Amino acid sequence: VQLQASGGGLVQAGGSLRLSCTVSGIVSSDNIMSWYRQAPGKRRSLVTSMNTGGGTYYEESVKGRFTTSRDNAKKTIYLQMTDLKPEDTAVYYCNANILGAIGRGTYWGQGTLVTVSS
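Sequence order as written defines residue numbering, which begins from 1 separately in each chain. Where totals are concerned, whole chains, interfaces and linings use all residues; where local detail is concerned, this predicted model gives features only for residues with pLDDT of at least 70, and gives and counts side-chain atom pairs only at 80 or more. Excluded from the side-chain calculations are hydrogens and water; all other atoms, namely the structure's heavy atoms, are used.

Engineer: Would you mind going over the pattern of salt bridges with me for this structure?
Structural biologist: Where side chains of opposite charge bring their charged atoms close, a pairing between them can arise. Throughout this description, the term salt bridge denotes a Lys or Arg side-chain nitrogen within 4 Å of a carboxyl oxygen of Asp or Glu. For the coordinates displayed, the defined rule picks out five salt bridges. In this structure, Asp88 and Arg37 form a salt bridge, with 2.9 Å as the shortest nitrogen-oxygen distance. In this pair, Asp88 sits in the loop between strand E8 (76-81) and strand E9 (90-98) while Arg37 sits in strand E4 (residues 31-38), placing the two residues 51 residues apart along the sequence. One exposure class covers both Asp88 and Arg37, and it is buried. Salt bridges linked by common partners bring Arg37, Glu59, Arg65 and Asp88 together as one network. Labels follow the DSSP assignment, with helices taken as runs of H or I lasting at least four residues and strands as runs of E lasting at least two, numbered in each case from the N terminus. Under the scheme applied here, a residue whose accessible area is under 20% of the maximum for its type counts as buried, over 50% as exposed, and between as partly exposed, the area being computed with a 1.4 Å probe on protein chains only.

Structure representation (structure tokens):
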């Protein structure tokens, strides 16, 4: 099982970016897909997550600005980020927590850098 993330880049404050993360390999459809981020000098922290049924969680600072979605058929999760702020600058990691029997476990993508200039 591998996760491939893409979509990071440099954007000015107030701008938008869309991250994608695709799971390769055979895994159970019972899973939770998440985005974490790690800013320089800080710990990796949860930004948002979504389960197979569509239930979501958002970290307080991104509520109203970030939207997560998923395409289960494509095994892909998206993170639409709007009104970006310099404090959103971080390496963003996608995470798959496979709960079902097939491919059960926790997997991480390679990280994609988001830089927001002021």
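Engineer: Got a minute to help me understand the layout of surface pockets in this structure?
Structural biologist: One water molecule sets the probe size; rolling that probe over the atoms shows where empty space is left. Its volume calculated, the largest pocket comes out at about 160 Å³. Looking at the largest pocket, it is lined by 14 residues, and the ones nearest its centre are Ser29, Asn31, Arg70, Asn72 and Lys75. Those elements that provide at least two residues to the lining of the largest pocket are E4, strand E7 (66-71) and E8. Each residue gets one of three labels, nonpolar for Ala, Val, Leu, Ile, Met, Phe, Trp, Tyr, Cys and Pro, charged for Asp, Glu, Lys and Arg, and polar for the others, Gly among them. Grouping the constituent residues of the lining of the largest pocket by class yields five nonpolar, six polar and three charged. Detection works on a 1 Å grid of protein atoms alone, calling trapped sets that fit a 1.4 Å probe cavities and calling open sets with protein on both sides within 12 Å along at least five of seven lines pockets, with lining residues defined by an atom within 4 Å of a point. Grid points are joined across faces, edges and corners, and a volume is the space filled by probe spheres set on the points.

Engineer: How do you make sense of the environment of Lys75 when you look at a structure like this?
Structural biologist: By the element assignment, Lys75 lies in the loop between E7 and E8. Residues Lys75 and Asn95, spaced 20 residues apart in sequence, show a C-alpha to C-alpha distance of 12 Å. In this structure Lys75 touches Cys21, Thr22, Val23, Ser24, Gly25, Ile26 and Val27, once residues within four positions along its chain are discounted. Any N or O atom pair separated by 3.5 Å or less is treated as a polar contact, with the protein-specific requirement of one donor-capable and one acceptor-capable atom, and with residues adjacent in sequence counted only for side-chain atom pairs. A polar contact is formed between the side chain of Lys75 and the backbone oxygen of Gly25, at a distance of 2.4 Å. Working rule for contacts: check all heavy atoms of both residues, and any pair within 4.5 Å makes them a contact.

Engineer: Mind showing me how you'd approach the environment of Gly103 here?
Structural biologist: Inspection of the secondary structure puts Gly103 in the loop between E9 and strand E10 (105-108). In this structure the C-alpha to C-alpha distance between Gly103 and Gly25, which are 78 residues apart in sequence, comes to 8.3 Å. In this structure Gly103 touches Ile26 and Ile98, once residues within four positions along its chain are discounted.

Engineer: Which parts of the structure should I look at to understand the side chain of Ser34?
Structural biologist: Looking at the secondary structure, you find Ser34 in strand E4. Those residues in contact with Ser34 that sit more than four places away from it in its chain are Leu46, Thr48, Ser49, Ile77, Tyr93, Cys94 and Asn95.

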